[in-house]
Amino acid sequence: MPKLASWDELKQHREDSKSRTSLLSPDSNRIVLAVGEATCGIAAGAKEIAAVLQSEIENKGLENISIIATGCYGMCYAEPMVEVREAGKPSVYYGYVTESVAKSIVARHLVAGSPVEENVLHVEVQIP
Amino acid sequence: MSGVSQTRIALRNCGVIDPESINDYIATDGYDALAKAIFTLTPDDVVDIVKKSGLRGRGGAGFPTGIKWETAKKSQSDVKYVLCNADEGDPGAFMDRSVLEGDPHSVLEAMALCGYAIGASQGIIYVRAEYPLAVKRLQIAIDQATDLGLLGENILGSSFSFSLRLYFGAGAFVCGEETSLMNSVQGGRGEPRIKPPFPAVAGLWNKPTNINNVETYANIAPIIRNGWEWFRKFGTEKSPGTKVFALAGKVNNVGLVEVPMGTPLRSIIEGIGGGIRNGRRYKAVQTGGPSGGCIPAEHLDTPIDYESLISLGSMMGSGGMIVMDEDDCMVNIAKFYLTFTAEESCGKCTPCRIGNKRLLEILDRITEGEGTDNDLEELDILGNIIKDTALCGLGQSSPNPAISTLRFFRDEYTAHVKDKRCPAGSCKKLIGFKILADKCTGCTVCARNCPANCISGSIKKVHVIDQEKCIKCGACLEKCRFKAIVRG
Amino acid sequence: MVNLTINNMKASAPEGATILEAARDLGVHIPTLCHLNLHDIKMVNRVGTCRVCMVEVEGRRNLLPACSTLATEGMVIRTNTSRAIRARRTIVELLLSNHPKECLTCERNQNCELQSLAAEMGIREIKYEGPRLKSKKDTSSYSIVRNSEKCVLCRRCETMCNEVQTVGVYSAIHRGFETVIGPAFDLPMIDTACTFCGQCVSVCPTGALTETDDSADVWAAISNPDLFVIAQTAPAVRVALGESFGMPVGSQVTGKMAAALRKMGFDRVLDTDFAADLTIMEEANEFLHRVTHGGRLPILTSCCPAWVKFFEHQFPDLLDIPSTCKSPHEMFGAVAKTYLAKKLGIQPEKMVIVSIMPCLAKKFEAKREELAGKEAGSDVDYVLSTRELARMIREAGINFNALADEEFDSIMGESTGASVIFGTTGGVIEAVVRSAAVWLDKDNPNPPIDFKQLRGIEGIREAEVKIADKTLRIAIAHGLGNARALLTDIRDGKAHYDAIEIMACPSGCVGGGGQPYHGNNIEVLKKRAAAIYKEDEEKTIRRSHENKEVQAIYEDFLGEPYGEIAHELLHTHYRKRDLL
């Protein structure tokens, strides 16, 4: 990658990045599944959950969905955690995600469009 | 987690971005603060903003960060260093790990900002080798930032150059103490140096060095980007901003929280933490790691800031917060922490090397029912002399758990010493189990589950525990369905 | 200057002075233990580890160590508050709680800084008794015994070894209560790069580091009627031994020492100084041989066994520049067991050579394979330090102070002023120059004898000595750190000399690791050196080659200096050693 040689180039890179990253621009039609993969999440089985999500998405032939690893959500007690991000909608956070919960998230939330209520954690995350 | 809102500054990107993608960080305004500083601010401006923000060190002592930076900037030298203390070692604390694993670039950007401010072109992150994921993500971040020209020579085409490398800590707790950390980087034994001179004057390789911990750095970029006035909107007058705590122990919701300074302890424990597990009663919260103290229920409404915690004989520390309930014996807790610090003492100074060992022996005696009134007195006297005379922060704070529990839970100590009884039922030598004859049905469950085979009695007859053989494991108490077994 | 207040008294102290220094200037005593400042030899231990010197400073939350806290403007210090006194006392009690209370049988009984501190504070009971650290004694070396149980972790040995001597054997190992000072991986001393200079022993405040005691073996030899036991004494012993019997520092006790040795039962009381003169003959001729045969220069002296072991470990690529001469006491042993044995009609294997030395490295040296005797055993059988000799004299019930002076026996008892000055830094090279001044300037009826430009206490000294039309470029280093600096310059081609004298111990042999404890007072070493020069001046013969007995041995036995027999008996070789 060529080095950024000015502030303007950094700003341009920022704009370019917005569509390529896990952070969705308002007009994106992608869905991002973020899995908490800090040490705490991994220890609770986050990597296995991410693999289940991946294979379920492939099995169901879903497109425009990307799975990303993110850091710690802070709710260690509820790991593994999965977050569903859709443009224009508040993020939905799932806790205590097991293999069957992961399958339900794909089947009910992604395919059918209704969150798996029994596993949703209500979290306010305020980014100042 | 209803009722209490968290405010995420240090953790702003944790659980938001992909930590292995610099583009994610850049997309959330990452490296904008660095660019702003390089192109629109002088080094003095940067120091001034950090100073005015009132940011204080998040690693424990709460020293004003801006003053550190200013001193390092004023120190004349051809070479200066920026160090990051990522040697998080308090038992039960994982704030820094989360930042490093979830948002490594925020630390990198802040260190570059510091380099720009104090006139340093080299930085080292001293990270525990026991944090393999943090190490991996930090290295990825450094490589990505270097590839993009955000670290290295002539950052963003400017004349400012700053490079970073990692140095792995080998697991000594005392290396979290800044001068020990520097000795360790230099290839020496992790032992504290005498201060003064302070690191900002003569630090790594005796060159002016700014050292802050991970969480402190994680606050820097937002402060530079949003201004000091913005930062001061959070927290209190003397302790602006937020603090990350690792909430652990007997609460329902263990995890990481970031709240404005001044938030009462109760809001964290009962609000975010969701109260005590299994409906037990709150007894104390231990803050500040092994160097901190235990805070009882009557002080739960204390607002969390550096000064309030110190006045309670505890300290902010790096942010460990371990909640205890009525089953925790406070003497035993003090012993647990002192065992840790005594083992982790570097052995350099007499009070920490020998004093802590003797202090621990006193606690040992008390938990084994051999303590005397004099022991209680000496615990306090010796503990305070160690605090008064030890060479570094580790020794100066190591007696805190003992002194603070003695202050707030003296009756528990007295019960151990006078009545030879452990009210929490946790000191093995001081507890016993007995079977209540009127409740025992002679079901034999207890006898069958006793690992020491010390319960005798035949079917439908009252059972008896052989107190000589009993190992006090409590298995019988748990298994009895008739509440016929009690402590005592 | 900074102005401060100590115990309500106004004081001023120079910039950079510590609270301790400011207080001492004011006559205020603050107890210390780890602190040691021997500024002249760069031995400054300001580590603040023991915490015995804690004082109260207004405005500071904690007590501060006076030894390592700088006095600053306006400081208000109180050294005698109950808080400070109680803390200091507790610190000493803690140290004692982890110290074997074996004072009665300890080598340092009545000469121990911890013992003195306990006495000074009037400690009668130890409040915080508990289990002590258990550690095995390291008796692996022939020179130094390391007993970690008596260690107070003052770190003086470490500072001495690492910073002054640059040998780097000691560091703290393990942690917490288990911390001890020792070689890396807790290796036995014999397997390390230790030179056995014994400077660590010299500065140890307790009995944690002591010399290996060979006195029992020597007593056994003396009392065995079948053995012929010879004592030989090094030059630096005679100006220090008196201190062990309460005599003023710098007393010359050569005559009393000879008398005491005779009373102890040695069959012959002889002088290593004789062999020092012999060394000059050999070394000077080796030097001339190198000059005339295009050998490598500079020549380095080789009388100091700690220095020899140092360059074997640290400069294995330079093994061809030190002189091949054995050290004087080894030369003595080699000729005693051949020449003297024949003269006296004694079988060499019945002869026991006991060297009385200011040195601990000589104990190791005597066991070197290269120095196994030609006829029997080793050139030297036992080495006793000055301290061990003092103990043996006392043990034998000899009233040392009342002894009348006696002479050394003959032969091998005669010595010159040149050999006496071997005992201090610069002395060996001055002895060489004294003879060279005669040999190289045969027409001068009055060749000079004192070369004061070679004397002094500076760590590294250099001088040019003009003799007739020649100029000798000379360098002198004492202390191994200084030796390292000099050798590094030579290896890098930055320094060019003809001859260099090196002594491992700061001040040379007068400051040897086997001498009576100097009590942390560098003036002691200076006074011993002055006594050495005084002894030299009192000698009628002051050039080595004028020693009649030396002349006789070449005539009767050795033949030419640096000749064939001399080579076999008086020269040795060196080996490369690993670093650790």
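These figures come from a predicted structure and were not determined experimentally.

## Some points on the overall build of chain A
No. 1: Counting its regular elements, chain A contains four helices and five strands.
No. 2: Traced from its N-terminal end to its C-terminal end, chain A shows the element sequence α-β-α-α-β-β-β-α-β.
No. 3: Within the span of chain A, comprising 128 residues, buried residues form 38% of the whole.
No. 4: In chain A, 60% of the contacts between residues at least 6 apart in sequence involve partners at least 24 apart.

## Observations regarding the overall build of chain C
No. 1: Summing up its helical and strand segments, chain C has 18 helices and 19 strands in all.
No. 2: Against the 2.2 N^0.38 benchmark of 25 Å for 580 residues, chain C shows a C-alpha radius of gyration of 25 Å, consistent with a compact globule.
No. 3: Within chain C, buried positions represent 54% of all 580 residues.
No. 4: Within chain C, contacts between residues separated by at least 24 positions form 75% of all contacts whose residues are at least 6 apart in sequence.

## Here's the deal with the packing of helix H13 (residues 330–344) of chain B against helix H17 (residues 400–408) of chain B
All names here are of chain B.
No. 1: Two elements in contact, H13 and H17, have axes whose closest approach is 8 Å; the angle formed by their N-to-C orientations is 165°. Put simply, H13 runs roughly antiparallel to H17. Read as a crossing pair, H13 and H17 show a hand that is right-handed. On H17, the residues that touch Met330, Val331, Ile333, Ala334, Tyr337 and Leu338 of H13 are Pro401, Ala402 and Thr405.

## Considering the pairing of strand S2 (residues 9–13) of chain C
Residues and elements named next belong to chain C.
No. 1: As paired strands, strand S1 (residues 2–6) and S2 are joined by five bridges and run antiparallel to one another. Residue pairing for S2: threonine 5 is matched across the bridge by lysine 10.
No. 2: With antiparallel pairing between neighbouring strands as the criterion, S1 and S2 make up a hairpin whose turn holds two residues, including asparagine 7 at a positive phi of roughly 50°.

## A word on the sheet that holds strand S7 (residues 282–287) of chain B
All names here are of chain B.
No. 1: Spatially, the five strands line up as an open sheet ordered S6-S5-S9-S7-S8, and their pairing is mixed. The outermost strands of the open sheet, each flanked by one partner alone, are strand S6 (255–260) and strand S8 (293–296). Across the sheet, the axes of successive neighbouring strands diverge by a mean angle of 30°, strand direction being ignored.

## Quick look at the interface of chain B and chain A
No. 1: Contacts between the two partners involve 39 residues from chain B and, on the opposite side, 34 residues from chain A.
No. 2: Counting residues per element, the ones that place at least two in the side of chain B that touches chain A are helix H1 (22–27), helix H2 (32–40), helix H5 (95–102), helix H7 (132–147) and S6 of chain B.
No. 3: Its residues placed into classes, the side of chain B that touches chain A shows 19 nonpolar, twelve polar and eight charged.

## Brief notes about the confidence of the model for chain C
No. 1: Looking at chain C, pLDDT values average 95 and 99% of them are 70 or higher.
No. 2: Scored by ipTM, the complex comes to 0.93, with pTM at 0.92.

## With respect to the environment of Arg277(B)
Residues and elements named next belong to chain B.
No. 1: Mapped onto the secondary structure, arginine 277 falls in the loop between helix H11 (265–272) and S7.
No. 2: Arginine 277 sits in the partly exposed class, given 16 other C-beta atoms within 10 Å.
No. 3: Spatially, the C-alpha atom of arginine 277 lies 5.5 Å from that of lysine 250, the residues being 27 residues apart in sequence.
No. 4: With sequence-adjacent residues up to four places away left out, arginine 277 is seen in contact with Lys250, Val251 and Asn252.

## Comments concerning the domain arrangement of chain C
All names here are of chain C.
No. 1: For chain C, the assigned domains are domain 1 (2–105), domain 2 (133–212) and domain 3 (216–570).
No. 2: One C-alpha centre belongs to domain 2, the other to domain 3; they are set 27 Å apart.
No. 3: Listed by partner, the interface residues are 18 residues for domain 2 and 25 residues for domain 3.
No. 4: Examining the composition of the side of domain 2 that touches domain 3, we find that three residues originate from one element, helix H5 (residues 199–203), more than from any other.
No. 5: Here the side of domain 2 that touches domain 3 is composed, by residue class, of eight nonpolar, nine polar and one charged.

The rules behind these values
Residues numbered from 1 in each chain as written. Chains lettered and ligands numbered in written order. Predicted model: local features only at pLDDT ≥ 70, side-chain atom pairs only at ≥ 80, totals over all residues. Helix = DSSP H or I, 4+ residues; strand = E, 2+ residues; numbered from the N terminus. Buried ≥ 20, exposed ≤ 12 C-beta atoms within 10 Å, placed from the backbone. Contact = placed C-beta atoms within 7 Å. Rg over C-alpha atoms; globule rule 2.2 N^0.38 Å. Axes fitted to C-alpha atoms, helices over the stretch in contact; angles between N-to-C directions. Parallel < 35°, antiparallel > 145°, perpendicular 65-115°, else oblique. Left-handed = near helix turned anticlockwise from the far one by under 90°. Pairing = 2+ DSSP bridges. Nonpolar A, V, L, I, M, F, W, Y, C, P; charged D, E, K, R; others polar. pLDDT = per-residue confidence, 0-100. Domains from an automatic or database assignment.

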